Amino acid sequence: MSEPSKREAIEGLFALYADEIYRYARYTLQDHTEAKDVVQEVFFRAFQRWDSFRHDSSYKTWLLTIARNYMYDLLRKKKTRLRILTQWFRKQEEVYTLSGVEDRMVLEESLALLKESYRQVIILRQVQQLSVAETAEVLGWTEGKVRTTLHRALHRLRELTEGVDHDETGP
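Residues numbered from 1 in each chain as written. Predicted model: local features only at pLDDT ≥ 70, side-chain atom pairs only at ≥ 80, totals over all residues. Heavy atoms only, no water.

**Q** What should I look at first to understand the overall build of the chain in this one?
**A** Counting its secondary structure elements, the chain contains eight helices and zero strands. The long-range fraction of contacts in the chain, counting pairs at least 24 apart against all pairs at least 6 apart in sequence, stands at 66%. Within the structure as shown, the chain displays about 9,700 Å² of accessible surface, and the carbon and sulfur contribution to it stands at 50%. (Helix = DSSP H or I, 4+ residues; strand = E, 2+ residues; numbered from the N terminus. Contact = heavy atoms within 4.5 Å. Areas by Shrake-Rupley, 256 points an atom, 1.4 Å probe, with all protein chains shown as cover.)

Listed below in structure tokens is the structure:
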């Protein structure tokens with residue numbers, strides 16, 4: 001594909017999927033600025049790797065996989081999940097102007113407290129509304145693992161939002 005048409009294709013994908021990648025990054029990283037950076041990096045990497053895309057998945061899952069891998073790199077660099085939680089609690093002081101503010105705050109706080117695998121599967125299945133197959137592809141899991149982990153994650157999320165506290169949090 002020539003450079004102008006590759007650029008146009010990436011621009012088209014950006015128009016279609018930038019918001020979804022932003023939401024995925026925002027819920028994962030709990031930081032607006034970092035989420036915006038992730039979106040830019042994902043499309044930069046997609047542009048660089050355009051010729052290596054094998055078309056054995058949808059563009060959406062390809063882009064979300066790039067996002068996941070990049071965010072994991074970011075999280076590894078931070079060394080601990082504690083930094084993410086610290087950033088999250090600072091965000092609690094911000095004023096949200098959306099409807100259902102308290103519900104949203106409880107949900108986001110609870111998501112931040114889930115272990116990483118639980119948070120990832122909830123975001124991809126419930127927020128991004130990917131299919132089980134697409135979620136499995138993005139996470140590199142089997143479809144059975146996606147279903148099982150989602151069930152456990154939703155159960156744990158329900159406990160957290162209802163105020164029940166067990167020792168299941170962690171990286």
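**Q** I'm lost on helix H8 (residues 143–161) in this one. Help?
**A** Side chains that are three or four residues apart share a direction in an α-helix, a result of its 3.6 residues per turn. End to end, H8 covers 26 Å across 19 residues, agreeing with the expected 27 Å (1.5 Å per residue, within 8%). Of the positions making up H8, those classed as buried are Val 146, Thr 149, Leu 150, Ala 153, Arg 156, Leu 157, Glu 159 and Leu 160. (Expected span 1.5 Å × (residues − 1). Buried < 20%, exposed > 50% of the residue type's maximum accessible area, 1.4 Å probe, protein only.)

**Q** Looking at this model, I keep getting lost on the packing of helix H6 (residues 116–127) against helix H7 (residues 132–139). Mind explaining?
**A** Between two packed helices, both the angle of their axes relative to each other and the distance between the axes serve to describe the pair. Remark: H6 packs on H7, axes separated minimally by 10 Å, with the N-to-C direction vectors making an angle of 140°. As far as their axial angle goes, H7 and H6 are oblique. Like other packed secondary-structure pairs, H6 and H7 cross with a definite hand, here right-handed. Residues Gln 120, Val 121, Leu 124 and Arg 125 of H6 form the contact with H7, whose participating residues are Val 132, Thr 135, Val 138 and Leu 139. (Axes fitted to C-alpha atoms, helices over the stretch in contact; angles between N-to-C directions. Parallel < 35°, antiparallel > 145°, perpendicular 65-115°, else oblique. Left-handed = near helix turned anticlockwise from the far one by under 90°.)

**Q** Explain the nonpolar core here, please?
**A** Nonpolar side chains in soluble globular proteins generally cluster together in the buried interior. Ile 21, Val 38, Phe 43 and Leu 63 are the most contacted members of the largest nonpolar core, which totals 45 residues. For this core, the secondary-structure elements that each account for two or more residues are helix H1 (3–29), helix H2 (32–48), helix H3 (59–78), H6, H7 and H8. Not counting residues up to four positions away in its chain, the partners in contact with Val 38 are Ile 21, Ala 25, Leu 29, Ala 67, Tyr 70, Met 71 and Leu 74. (Core = buried A, V, L, I, M, F, W, Y, C linked by side-chain atoms within 4.5 Å.)

**Q** Explain unusual backbone geometry here, please?
**A** Trans peptide bonds make up most of the peptide bonds, and negative phi angles are found at most residues other than glycine. A positive phi angle, near 60°, is found at Gln 30, a position not held by glycine. By the secondary structure assignment, Gln 30 is in the loop between H1 and H2. Note on Gln 30: relative accessible area 1%, which makes it buried. Within the chain, His 55 stands out as a residue other than glycine whose phi angle is a positive 65°.

**Q** How should H2 be read in this particular structure?
**A** Here H2 spans 25 Å end to end across 17 residues, near enough to the 24 Å set by a 1.5 Å rise per residue. What H2 keeps buried is the set Glu 34, Ala 35, Val 38, Val 39, Val 42, Phe 43, Arg 45 and Ala 46. Taking the backbone nitrogen of Thr 33 as reference, a side-chain oxygen 3.1 Å away marks Asp 31 as the first, capping residue of H2. (Polar contact = N/O pair within 3.5 Å; in protein donor to acceptor, adjacent residues only side chain to side chain.)

On their own, these measurements won't tell you what the molecule is for.
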